Amino acid sequence: MKTASMRYTWNSRRKKWQIVIGIAIAVLVVALLQGKEEPIDFSTEVKPIINKHCISCHGGVKKNSGFSLLFEEEAFAVAESGSAAIIPGDAEHSEFIRRLTADDPEERMPYDAPPLSKKEIKVLTRWVEEGAKWGEHWAYSLPKKVAVPRFRFGLASLFSFTGNSSMYSDIDYFIQEKHREQSLSFSGPADRATLLRRVSLDLTGLPPSPEQVAAFVNDDRQDAYERRVDSLLGSPRFGERWASWWLDIARYADTKGYEKDASRQIWAYRDWVIKAFNSDKPFNTFTVEQLAGDLLPNATKDQLIATAFHRNTMVNDEGGTDDEEFRVAATIDRVNTTYQAWLSTTFECVQCHSHTYDPIKFEEYYKSLAFFNNTRDEDTPGDHPTFRFYNREDSLQVAEVKQWVAQHASAEAVASTDLFLHALEPKIHAHACDQLINGALVDTKWLGIRNGGSARLPAIVLNGKDRCYLNYATGSTGGVMEIRADSPDGPVLANITLPATSGTETIAIPIVPLDGQHDLFLQFRNSSIPADRPVCLVEWMAFRKSLPGNGEPDYPKMQQTFLELVNKHTPSVPILVENPQDMRRETHVFERGNWLVKGEVVEPAVPQFLQDFPKDAPQNRLGFAQWLVSEDNPLTARTLVNRVWAQLFGRGIVEPLGDMGSQSDPPTHPELLDWLALQFMHEMNWSVKRLLRELVLSTTYRQSSALEGESAEKDPSNIYYARGPRFRLSAEQIRDQALAVSNLLSTKMYGPSVMPYQPDGVWMTVYSGERWATSEGEDQYRRGLYTFIKRTSPYPSYVTFDASSREVCLVDRIRTNTPLQALATLNDPVYQEAALHLAKRMEAKGKGKPTDAIQAGYLSVMQRPLASDKLTALERLFRETLAHYRQQPIEAAKLLGTSASGAAQKDAATAAYTVVASALLNLDEFLTKS
């Protein structure tokens, strides 16, 4: 007893001394800090005031009085008054400061608006007095290292004894530090069933089975949770869940958009994305292959498919449209999407003028556009260029042709042959023709010259090319095409009879080889057809050298094989292919953003506000992609980790997710954002799976999401993460989950998009006669990301739950709560069928006992036992519904899709269970990740 008493006395004295020492330190720190103000920070204090009050009149669009506050050099330049408005170090004589406090309303700034507050004026005055240091926005630089605040103490921590001793990740120390500032602390851990459902939905988009939950709940191994996380990361379902997120950014759809909105075959890109996530392709490689896979040395089939990322742009097939106008529109979309997807930058604001809020100059937009302006796609109905998928037999013939070329010519010739066989590039489309005589571009797409007419192909570089591959269609015989050089009466290079075709066909026309650049005149004749009909319809032409090896015995056979392969109708996917040097385009500035008003010519270059272009990188899309994922780039890794964080926690560390410029909210946890970005690049080697693993293993992620206590009052939006995430699932996840818990979900992966049930008349397709043909068998029940997406008529229930029409890049779906959503999950046939299947499973497990059946149903849906109050409510629903359907057997039969018969009593029970199952599938907790 004496020892215990002495120990108690010592502990009591020690705590008193700790408090006294803590207070003494606090007093000392306060004394040292008194009278010493931190210098004004331009990025966080000055720039927000300028953006709020000044920039609309003195910025990128307007420069009233010749004074602009958008760029540093403009802010300190001489204005129209003849002197600079800001004199660093001299606020008293700076017109900028004087105007803020002027008595005359004609002089006071901001003009015709409320004056700045005293606090704002004080900030600006101090800034000028301290030398008006311009500074850099926080997002445009990245520290080399960020210390984890494990032992960081401040005044708040001296008096704060809250916290969580179970820190599973360094992430938690950053979160805890902010908790101390806000007098918050971590919530307790979520129960195991809830945690497994949460992490399963986050990593695979699907809930766990009740059996998986039970195994986890009863697993007492220390690393039980880590084992489940690793298993989920290794699941093939992982790639499907995260591909669904990326496809919003990639604006992936199965149709081309605009008014005609014809279907396109691009699902191979979606499959590539799924495989990329499942294989944990490093994000820097993932980036380079999508933006410039075609420019990589010896580009593989998969690397070419990856470039379909930028072929997801819309294409306008409507007759009468200008192909060049919409090619330019697609190129602009690529620039805007790239900066939005990888850099969280509102670069689209710079199309017409310098950015109003961020340091991006007008000309820099078009220098970036120059990187994307030299691809072969030209808004054609055929979606050229496409990568053509040969079957096994044809692939062997391709290999045979390439081997022949390798034996008789250079590696460059082999690469050229391979590109033409797989992409039919480079070729020249019909819309390149001009000086049309007695003909027209039919529907602005195909060259249609009537008997005796002609058209010019300007500036064609021949350099010894002795074959013209002509892709055309005609139902008439007797047609002739003649090619002349340099003038309609120039030397004849070719004269060919045009055979009648069955559809579109490509023929090889021998031409007289010439060197240099020439205008070619195409002349057509067929006197046997009516005068108002074209001789043929030409889609494209390609000028190439013949296969090498002429004179060898097998040469004619090889030429024939080559032509047969060119004419194969194969599955395909649109890809990017760079223009050869002789077809390169000049890139001009568009005055005020108008593509018809071309200004000065610009060369590819990146904006000055970010890091320099890598010295050893090529000046093309490949170099641009390498610049994006350079470890010196401050934005790419920040953008990725911020958006992945938002996928898990419901909001980003920086909001909005699409803008890290000066108009964004400042990061809630800036050091954490930087630490994650550095870890992602250096320690994790750009691995998305490793990043996700770090996040979901953290204490921050594992917390209970219960909205109660102090954190609910102090932080209702949970921006400081004092509780776990809780928000509604995505449109696809809601449908997938309903199918999964009812045991309907198909695990089939890859392949063409599917068409699950939707009501007749939703599609109003013009011209093509395309219709929504409901898929059969398991294809009706495939995961949401495989659903066919028509841009002008997206799948109705997805749109109801805020999914994108995929016309443009979308980095963050909004979340709404509307009556239509409840109507969808109650009445959509997909959910009704899921409820019916769940009901039959409940009925089978209940074996005639409604209580057991309902509990089994809830366990299937929520993977945890049913609370007694909910059980009571659901039992009452079952009894009332059962009584109703016993009296109304026809309604029961209608609900079940059966005919009213002698089995009416059984139908009534099944119908009642179906109503209960539908209620379960409409529970808020089922539609929410919590």
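Residues numbered from 1 in each chain as written. Predicted model: local features only at pLDDT ≥ 70, side-chain atom pairs only at ≥ 80, totals over all residues. Heavy atoms only, no water.

Draft legend 1. Main features of the overall build of the chain. Scanning the chain from N- to C-terminus turns up 34 helices and 15 strands. Projected onto the principal axes, the alpha-carbon positions of the chain cover approximately 120 × 100 × 60 Å. Here the chain holds 930 residues, and 54% of them are scored as buried. Residue pairs at least 24 apart in sequence account for 72% of intrachain contacts in the chain once pairs closer than 6 positions are excluded. Here the chain displays about 41600 Å² of accessible surface, and carbon together with sulfur accounts for 52% of that area. (Helix = DSSP H or I, 4+ residues; strand = E, 2+ residues; numbered from the N terminus. Buried < 20%, exposed > 50% of the residue type's maximum accessible area, 1.4 Å probe, protein only. Contact = heavy atoms within 4.5 Å. Areas by Shrake-Rupley, 256 points an atom, 1.4 Å probe, with all protein chains shown as cover.)

Draft legend 2. Main features of the pairing of strand S10 (residues 537–544). Burial within S10 is extensive, with 7 of its 8 residues counted as buried. Relative to S10, strand S2 (residues 428–429) runs antiparallel, the two being bridged by 2 bridges. From the neighbouring strand, His-429 faces S10, where its bridge partner is Trp-540. Here strand S5 (residues 467–473) pairs with S10 via 7 bridges, running antiparallel. Opposite Asn-471, over in S10, you have Trp-540 as the bridge partner. (Pairing = 2+ DSSP bridges.)

Draft legend 3. Fine view of the packing of helix H17 (residues 392–408) against helix H18 (residues 411–423). At their nearest, the axes of H17 and H18 sit 9 Å apart, and the two run at 155° to each other. Comparing their axes, H18 and H17 come out roughly antiparallel. Between H17 and H18 lies a crossing of right-handed hand. On H18, the residues that touch Val-398, Val-401, Lys-402, Val-405 and Ala-406 of H17 are Ala-413, Val-414, Thr-417, Asp-418, Leu-421 and His-422. Along the lines of polarity and charge, the residues of the contact of H17 with H18 split into 7 nonpolar, 2 polar and 2 charged. (Axes fitted to C-alpha atoms, helices over the stretch in contact; angles between N-to-C directions. Parallel < 35°, antiparallel > 145°, perpendicular 65-115°, else oblique. Left-handed = near helix turned anticlockwise from the far one by under 90°. Nonpolar A, V, L, I, M, F, W, Y, C, P; charged D, E, K, R; others polar.)

Draft legend 4. Focus on the confidence of the model for the chain. Confidence in the prediction of the chain, expressed as mean pLDDT, is 92, and 94% of residues score 70 or more. Note that residues 29–33 has pLDDT below 50 and, in this model, 2 contacts with residues that lie over four places away or in other chains. Below a pLDDT of 50 lies the segment residues 153–164, which in the model reaches 20 contacts outside its immediate sequence neighbourhood of four places, other chains included. (pLDDT = per-residue confidence, 0-100.)

Draft legend 5. Up close: the packing of aromatic side chains. Taken as a whole, this structure holds 49 aromatic pairs when the rule is applied. On the numbers, 5.3 Å between centres and 40° between planes, the contact of Phe-624 with Trp-627 is tilted. Here Trp-627 and Phe-624 lie together in helix H20 (residues 621–628), a separation of 3 residues that amounts to about one turn. What makes Phe-624 buried here is its relative accessible area of 1%. With 5.5 Å between their ring centres and 70° between their planes, Phe-680 and Trp-686 make a pair best called edge-to-face. (Phe/Tyr/Trp six-rings, centres within 6.5 Å; stacked < 30°, edge-to-face > 60°.)

Draft legend 6. Layout of the nonpolar core. Grouped together as the largest cluster of nonpolar side chains are 125 residues, with contacts concentrated most on Trp-246, Tyr-269, Trp-645, Leu-676 and Phe-680. Apart from residues lying up to four places away in sequence, Leu-676 is in contact with Ile-171, Val-641, Trp-645, Ile-653, Leu-691 and Leu-695. The next biggest cluster of nonpolar side chains, apart from the first, holds 52 residues, and it includes Tyr-831, Ala-892, Ala-912 and Phe-926. (Core = buried A, V, L, I, M, F, W, Y, C linked by side-chain atoms within 4.5 Å.)

Draft legend 7. Examining the pattern of salt bridges more closely. All told, the structure shown has 47 salt bridges when counted by the stated rule. One salt bridge in this structure joins Glu-181 and Lys-178, with 3.5 Å as the shortest N-O distance. Here Glu-181 and its partner Lys-178 are both found in helix H7 (residues 171–182), 3 residues apart, which amounts to about one turn of the helix. The exposure class assigned to Glu-181 is partly exposed, which follows from its relative accessible area of 49%. By relative accessible area, which is 17% here, Lys-178 ends up buried. What emerges from the salt-bridge pattern is a single network uniting Arg-376, Glu-378, Glu-425, Lys-427 and Arg-585. (Salt bridge = Lys/Arg side-chain N within 4 Å of Asp/Glu carboxyl O.)

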